[in-house]
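Observations on the model geometry
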Amino acid sequence: MNDPGTEPRIAHLAANDFPELAKRALDDSTLRGALHHVTDLFGDKRENAVAAMPEWEAMRERARRVKEETLSRLDHYLEEFVRNAEAAGVHVHFARDAAEACSAVEKLAQRFGAQTIAKSKSMTTEEIGLNHVLEDAGLEPVETDLGEWIIQLAGETPSHIIAPAIHKTRGQIADLFADELEVERTDDVQELCSIARRFLRKSFADADLGISGVNFAIAETGSFLVLENEGNARLSTSMPRRHLGVMGIEKLIPRFEDLEVFLRLLPRSGTGQHLTSYQSIFTGPKASPDDEGPDEVHVLILDNGRSALLGDWVTRQSLGCIRCGACLNVCPVYKQVGGHAYGSVYPGPIGAVITPQLAGVEKAKTLPFASSLCGACRDVCPVKIDIPRLLLHLRGKIVTGDGPPHVGRETRKGRFLERMTFRAWAWWMSGARRYRVAGWFARKLQPLGARPGLVQRVARKLSPPLGAWTAGRELRPAAPRSFRELWREQEGSR
Amino acid sequence: MRVSLFVSCLVDQLWPSVGLAAADVLRRAGCEVDFNDEQTCCGQPAFNTGYRDEARRVAQHMIETYEGDTADAIVMPSGSCAAMVHHLRELFEDDEAWRARAEALAQRTFELGSFLVRELDVEDVGARFDGRVTWHDACHGLRDLGIRDEPRRLIANVSGAELVDVHSSESCCGFGGTFSVKYPEVSVAMLDQKLQAVEQADVQAIVSGDVSCLMQIGGRLQRRKSAVRTIHLAELLASRG
Amino acid sequence: MSTARDAVFASIRKNLAGVQSAETPLDRGTAATRLGAPQGLDERAARVERFTKVLTSVDGRVHRVANEAEASEVLRAIAAEHGARLVALSDAPQVQRIAGALADLETFDGSRDRARLLECDLGVTGAQHGIAETGTLVLFSESERHRLTSLVPPIHVALVRSSTIVPTLGEALAEARRAGLPPLVSFITGPSRTGDIELTIVVGVHGPKTLHVILIDDD
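No experiment lies behind these values; they were computed from the predicted model shown. (Residues numbered from 1 in each chain as written. Chains lettered and ligands numbered in written order. Predicted model: local features only at pLDDT ≥ 70, side-chain atom pairs only at ≥ 80, totals over all residues. Heavy atoms only, no water.)

**Quick look at the overall build of chain A**
Which entries qualify depends on this criterion: Under the DSSP-based scheme used, a helix requires at least four consecutive residues in state H or I and a strand at least two consecutive residues in state E, with every element numbered from the N terminus. Each radius of gyration reported is based on C-alpha atoms, and the globular scaling rule is 2.2 Å times the count of residues to the power 0.38. For the area figures, the Shrake-Rupley method with a 1.4 Å probe applies, and any residue is considered shielded solely by the protein chains shown.
Per the secondary structure count, chain A includes 24 helices and 10 strands. Here chain A has a C-alpha radius of gyration of 26 Å; the compact-globule value for 494 residues is 23 Å, and the two agree. The dimensions of chain A, computed from C-alpha atoms along their principal axes, are 95 × 55 × 50 Å. Carbon and sulfur atoms provide 52% of the accessible area of chain A, an area that totals close to 17700 Å².

**A short note on the side chain of B:Gln44**
Residue and element names in this part refer to chain B. Heads up, the rule is: Under the rule applied, a polar contact is a pair of N or O atoms within 3.5 Å (in protein, one hydrogen donor and one hydrogen acceptor; residues adjacent in sequence only if both atoms are side-chain atoms). Whether two residues are in contact is decided by their heavy atoms: any pair within 4.5 Å suffices.
Mapped onto the fold, Gln44 is located in helix α3 (residues 44–49). Within the structure, Gln44 has its side chain in polar contact with the side chain of His140 (distance 3.3 Å). Beyond its immediate sequence surroundings of up to four residues, Gln44 is in contact with Ser80, Cys81, Met84 and His140.

**Regarding the arrangement of the chains**
With two pairs of chains in contact overall, the greatest share of contacts is found between chains A and C. At the level of C-alpha atoms, the two units chain B and chain C stay apart, their nearest approach being 16 Å.

**Re helix α12 (residues 211–223) of chain B**
All names here are of chain B. Which entries qualify depends on this criterion: What a helix is expected to span follows from its residue count: subtract one and scale by 1.5 Å. When accessible area is computed with a 1.4 Å probe and restricted to protein chains, residues below 20% of their type maximum are described as buried, those above 50% as exposed, and intermediate ones as partly exposed.
A rise of 1.5 Å per residue sets the reference length of α12, with its 13 residues, at 18 Å; its end C-alpha atoms lie 18 Å apart and thus fit the reference within 8%. With 11 of 13 residues buried, α12 is to be regarded as a mostly interior element. Restricting attention to buried positions, one finds in α12 the residues Val211, Ser212, Cys213, Leu214, Met215, Gln216, Ile217, Gly218, Gly219, Arg220 and Leu221. Positive backbone phi, approximately 55°, marks Lys225, located one or two places after α12.

**Thoughts on the interface of chain C and chain A**
Defined as follows: Defined in terms of a 1.4 Å probe, buried area is the accessible area two parts forfeit on being brought together, summed over both. We count a salt bridge whenever a side-chain nitrogen from Lys or Arg sits within 4 Å of a carboxyl oxygen from Asp or Glu. DSSP calls a pair of strands paired once it identifies at least 2 bridges connecting them.
Facing the 82 residues of chain C at the interface are 103 residues of chain A. Interface of chain C and chain A: buried area, both sides summed, is about 8000 Å²; carbon and sulfur atoms make up 56% of it. Counting across the chain C and chain A interface gives 12 salt bridges. For A:Glu220, the salt bridge goes to C:Arg28, with nearest N and O atoms at 2.8 Å. Looking at the side of chain C that touches chain A, the elements with two or more residues in it are α1 (4–16), α2 (28–31), α3 (44–57), α6 (114–119), α7 (169–178), β9 (184–188), β10 (193–194) and β11 (202–203) of chain C. Per element, the largest residue contribution to the side of chain C that touches chain A is 11 residues, and it comes from α1(C). Bridge count between strand β9 (residues 278–282) of chain A and β9(C): five bridges; the pairing is antiparallel. Paired with A:Tyr278 across the strands is C:Ile188, a residue of β9(C).

**Examining a nonpolar patch on the surface**
All names here are of chain A. Applicable threshold: Only residues whose relative accessible area exceeds 30% and that take part in no salt bridge are eligible for patches, with like-charged residues grouped when within 9 Å of each other and nonpolar side chains (Val, Leu, Ile, Met, Phe, Trp, Tyr) grouped when within 5 Å.
On the surface, a cluster of nonpolar side chains totalling about 910 Å² of accessible area is made up of Val437, Trp440, Phe441, Leu445, Leu448, Leu454, Val455, Val458 and Leu462. For the nonpolar patch, the secondary structure elements donating two or more residues are α21 (432–450) and α22 (454–462). Per element, the largest residue contribution to the nonpolar patch is five residues, and it comes from α21. By secondary structure assignment, the location of Leu454 is in helix α22. Under the relative-accessibility criterion, Leu454 is labelled exposed at 59%.

**Focus on the confidence of the model for chain A**
Caution applies to low-pLDDT regions: their predicted coordinates should not be interpreted in detail. Stated formally: pLDDT: the predictor's confidence for each residue, scored from 0 to 100.
Overall, the prediction assigns chain A a mean pLDDT of 93, with 96% of residues at 70 or greater. Across residues 403–411 of chain A the pLDDT falls below 50, and counting only partners more than four positions away or on other chains, this stretch makes 19 contacts in the model.

**Quick word on helix α5 (residues 79–87) of chain B**
Residue and element names in this part refer to chain B. Counting buried positions along α5 yields seven of nine residues, so the element is predominantly enclosed. Of the residues making up α5, those classed as buried are Gly79, Ser80, Cys81, Ala82, Ala83, Met84 and Val85. Its buried side turned inward, α5 meets α3, α4 (52–67), β3 (73–76), α6 (96–107), β4 (109–111) and α8 (139–144). Where α5 starts, the residue carrying a side-chain oxygen 3.3 Å from the main-chain nitrogen of Ser80 turns out to be Ser78.

**Here we look at the domain arrangement of chain A**
To keep it simple, the criterion reads: Note that domain bounds follow an automatic or database assignment of domains.
Once the domains are mapped, chain A shows domain 1 (15–308) and domain 2 (417–493). Between the C-alpha centres of domain 1 of chain A and domain 2 of chain A the distance comes to 51 Å.

**Structural notes on the interface of chain A and chain B**
Using the following cut-off: Residues are sorted three ways: Asp, Glu, Lys and Arg are charged, Ala, Val, Leu, Ile, Met, Phe, Trp, Tyr, Cys and Pro are nonpolar, and all the rest, Gly among them, are polar.
In this complex, chain A contributes 68 residues to the contact, which on the side of chain B involves 62 residues. Taken over both partners, the interface formed by chain A and chain B buries close to 5800 Å², and the fraction arising from carbon and sulfur atoms is 59%. The largest contributions to the chain A side of the interface with chain B come from A:Arg473, A:Arg476 and A:Phe483, which together make up 13% of the buried area. Inspection of the region where chain A meets chain B yields 11 salt bridges. B:Arg223 is the salt-bridge partner of A:Glu474, the closest N and O atoms lying 2.6 Å from each other. At eight residues, the largest contribution of residues to the side of chain A that touches chain B is made by helix α20 (residues 416–429) of chain A. Tallied by class, the residues present in the side of chain A that touches chain B amount to 31 nonpolar, 15 polar and 22 charged.

**Some points on the sheet that holds strand β5 (residues 128–136) of chain B**
Two modes of strand pairing occur in sheets, parallel and antiparallel, and in both the strands are linked by backbone hydrogen bonds. Residue and element names in this part refer to chain B. Note the cut-off: Angles here are taken between N-to-C directions and fall from 0 to 180 degrees, while the axes themselves are lines fitted to C-alpha atoms, restricted in helices to the stretch in contact.
Pairing is parallel in the open sheet, where four strands are placed in the order β6-β5-β7-β8. Only two strands of the sheet have a single neighbouring strand rather than two, namely β6 (159–163) and β8 (229–232). Each strand of the sheet is rotated relative to its neighbour by a mean of 40°, with strand direction disregarded. The sheet contact formed by β5 and strand β7 (residues 205–208) spans four bridges and is parallel. Considered in β7, the bridge of Val133 is made with Ala205. This element, α12, spans β5, β7 and β8 of the sheet and lies at about 170° to β8.

**Section: the pattern of salt bridges**
Here the structure, examined in full by the defined rule, presents 76 salt bridges over all chains. A:Glu61 is the partner of A:Lys384 in a salt bridge, and the nearest nitrogen-oxygen pair spans 2.9 Å. Taken together, the residues A:Lys384 in the loop between α17 (376–380) and α18 (387–400) and A:Glu61 in helix α3 (residues 56–71) connect sequence positions 323 residues apart. Here A:Glu61 falls in the partly exposed class, since its relative accessible area comes to 30%. Residues participating in the shared-partner salt-bridge network are A:Glu61, A:Arg64, A:Arg65, A:Lys384 and C:Glu23.

**What about the sheet that holds β3(B)?**
Residue and element names in this part refer to chain B. Ordered by their spatial adjacency, four strands build an open sheet running β2-β1-β3-β4, and the pairing between neighbours is parallel. Of all the strands in the sheet, the pair left with one neighbour each is β2 (32–35) and β4. Geometrically, the sheet is characterised by an average inter-axis angle of 35° between neighbouring strands, direction not taken into account. Sheet topology note: the strand β1 (residues 2–5)/β2 ladder contains four bridges and is parallel. In the strand pairing of β2, Val3 is matched with Val33. Contacts from helix α2 (residues 16–28) reach β1, β2 and β3 within the one sheet, and its direction differs from that of β1 by about 175°.

**Re the packing of aromatic side chains**
Both the distance between ring centres and the angle between the ring planes are used here to describe each pair of aromatic rings. Applicable threshold: Stacked, edge-to-face and tilted are the three classes for Phe, Tyr and Trp ring pairs, Trp counted by its six-membered ring, which pair at centre distances within 6.5 Å; planes under 30 degrees apart are stacked, over 60 edge-to-face, the rest tilted.
What the rule picks out here adds up to 19 aromatic pairs over all chains. Measuring from ring centre to ring centre gives 6.0 Å for A:Trp487 and B:Phe35, while their planes differ by 50°; the resulting arrangement is tilted. With A:Trp487 in helix α24 (residues 483–493) and B:Phe35 in strand β2, this residue pair bridges two chains. For A:Trp487, a relative accessible area of 7% puts it in the buried group. Residue B:Phe35 is classed as buried on the basis of its relative accessible area, which comes to 10%.

Next up, the structure:
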C-alpha cells in the first residue's frame, strides 16, 4: 500500500501504447536487425560465461536468498545503512516519490552553485525523469555514458537496460553527432568514440556535481558500489567537488561479504564479462583535504512506489532485480519489438512487471499481457525472480480490478466481454455433460471460421480473436468427431 | 501400470488422433489405459489470462474427477497441461485442504514423453517414420517440467527418423494462449524468427509435445504454403512408417 | 511535519507489518562461502599465471620483471613505445622510485595538477593487490593517490608486486575490509571499454586506452 501523500511516477510513461508501439517496431527492419544482433550476442556471451561457472545455480539461489533476507527486513537494513553511511560522513537524503527526488536534487545542485552536472548511467534517475527537471531549472545535466549521451543528444529514452542506444545504427549516430555537435560526419565507431571522449572531457572538468547510480549499497559498512566499463562513472565521481549517488530503497545488501556473489553474477548475466572494467566502492568522502576526490558525498534514497511491494513475497521479488538486462536478451517478445515498445524506461520482462507495480497497473495495463509466459526470463534471472508468476499476479489484478493499485472503470468495461466469456467457459468446463454439449456445438460452428470464404469473413468481424488468429495463420478445423466419441467406439469394439 | 489418459480439451475437440496415438503408445509400453469421461480442461486458459476464480472452478472439477480415479498415473500428451496441474496449488493459497488435494493430483500427473522415459524406462516403442524431423521444445514442458532429453531420446529410437536439432528449438513459438490473439503480430513475428532456422534445416516435419504449439506452428506453415508438416510426439511414436 | 525519511521508513514498516520472511539472516561464515570461486590458486605461481592470462584476455598488457631496476627499464620502453613525455605519477614511494629513474621524462604528481593531468601522456600508479580470478587491480585511496592518475591519462601503467596477488574476489574484498575500507576502493580490469555503438568494442572511450601492468617478482 502506498503512502497516501505520495504519487509514484515513472517519467515519459507510455506503457498503455504497447500495442501500437509494438506494431510500429515490427515494421522497422533496421530496428529489428539491431535487436537480433544485440540479443543474440548478449545471449550467447552470457551462456558461455555461465557454462564456465560450475556453481552458477548455487550462486543464483544465494543471491535470491540474500535479497529476500534484505527485503523482508528492509527497515532494519536501511536503518543500518543510513547509520553507517552517516558515520562515514555521507549526507543521506530521502524522497518519497519522483517529484520529491527531483526537487531534492535540484535544491542540492543549487546549494552547490552547480551549473554543469556530470551524470553517469543510472536507471533510477531515468525513472524519475531527473534531466528534464534539472534542465527546466536552467542547469546542464550531461549524460556521460556513451549510450546515454547518444540518447540525450537525440532526445530519446533508453531501449535496453545496459545498452541504452542499441536501437541506433552507427549511421544514425554519425548523423546525430554531425547535426548536434557540428563535427565532420564519420560513421567509424572508433572515431565516434573519440568525439565523445573529447566533448565529455570538458563536461567532467566543468562539472560541479557528479551524479551516479548505485548498484549495491552495503548496510553494515554504509558503502555503495558502482560497476561500469567506460570509466565515465569514475570520472563523474572523481572530478567534481560533490558526488551524489541516487538509489532505490531496494539496492541494499546486508554484508560486505555478500558483494562477492553479486560481483560474479551481475557482469556475467549482463554482458557475459567475468567482471566489468571498473568497480568503485565508495565509503564516505575523502579523509583529508589534501586527498583526491569529492569534498562531499551524498546519497539520495528513493521510494517511488517500491515500499508498497514489500508486503507480499510475490511482489517483493521484483525488488530483488539487479538491473542486469539478461531477461531482455532472452525474451522472444523483446527480441521482436525492442525496448521502446514497452513505453517505459524499464522494458522487457522485468519492465513488464516493474512498470505497472511502480506506476500503477492502470498506467501499464497492457504490459503484463505482452508475454507468452515462456519462462526464459525466469531461467536466466541471476536472483531467480519468478517473472511469469508476477505477470500472472498482475494479470489477475487487471482483469478483476481488485487493486491496489486500482484499475479504472474503463478497463473493467473494456474487459467485460472477455470476462463474460471466461465465466461461461468456466461453467461449461466444470461439468462433463455441459462440456460435451458445448463441444458438440463448437465443433459444428468452428469449421465455418476455419474455412476461408464469406462465412469466415463475417465470423472474423463478429469474433475479434478469430480475426486476430486468422490474419497470419490458418485455423485448424475442429475434428468431425471428438476424441471421446472415437474412444467409446474403439473401446466398444475391443 | 494403470494409466488414466487426460487428452486435454484441444485434443478432444481438434486433434483426436493425438489422443488415440497416445493410448496406443502407452499400451505398447505395457500400460493398461483408461479414459475418464468426466475430464474437461485443466483450467489453463483462464489461469494464464488472469481469471483465477474461473480457473479455480475448472481446477476443482479436474481434481474431483481424478480423486475418484484409482489409476496409478494420469498421463497427458501435453507438457503445458501437465505443468498447469503442477501450478494448481497456486490457486488455493488460502485453502489448505484444496491445496493438499491439488498437490496430490500433481504427484500423479505426467507428460507423455517424460512418463515413458522416466517412469517406465522405455525409450523405444517400436515406431517407424521415414524422414528428417526436428523437435520443438514447448515452453512449459521444457522450463516448468524440465523435459529436454526425454523426447529426443524417444525420437532417436524411431527407426527411419533422423532428428535434426536446430538452435531455435527452445525458443517460444509465440502461441502463449490468449497472447496469440491479443498480440497476433508479435506472436507471428516470434514464430517466423523461429521458423527461419527450421526451414534452413531442410526437415519434413516439426515434432512437439503440445498441440497448442503445433496449432500455431502448423497454422503459420500452412499460410506460408510450406511443405513442412507438424506432428505430435504421440503420433510419431505411434507411427508404423 | 514528517520528513521524507520518516515517511519512507513508515511506509516500509507498514507494508512489512506481519511479513514473515522465509529466510533468516545468513551467518557470516556462510555469507563468506566462496561460491563460484576458482580453485587451485594456493600457489603464487598459479595466481600469477591466472592473473596474467585473464588480464591479457581483456586487452591488458602484462610485463613480468624480477626487480625495480627492470621495472624502470620496462617503463622506459613503454613510454618510448607510446611517445610519452609528460608522465603523471601517484604518490606511492615505489612509483616515485621506479619512475624517478627516467630522467628523460617530465614527471609530476597527478593528484596535484589537474591542468597538466588533462594534457599528460601516461599515468603511473601502484596497486595494493591483484586478483588472480579476474585479472583485476585493487587500489585503495588511503594507500596512494591513484584516483585520477589511473584514470585520466590515455595510458595507465600499474606496478604490482606479485606477492600481493590474492586468489579471488572474496579475498580482495576481505583485504579492503582489513585496510579499514578507505573512501574509495577501485577495481580495475583492463582498459576502459564500450560497446554502446552496435556492440562494437572500442577501448579508451573515457578512461585509459591501454593498460600496462608491470608485475614485479618481489622475492
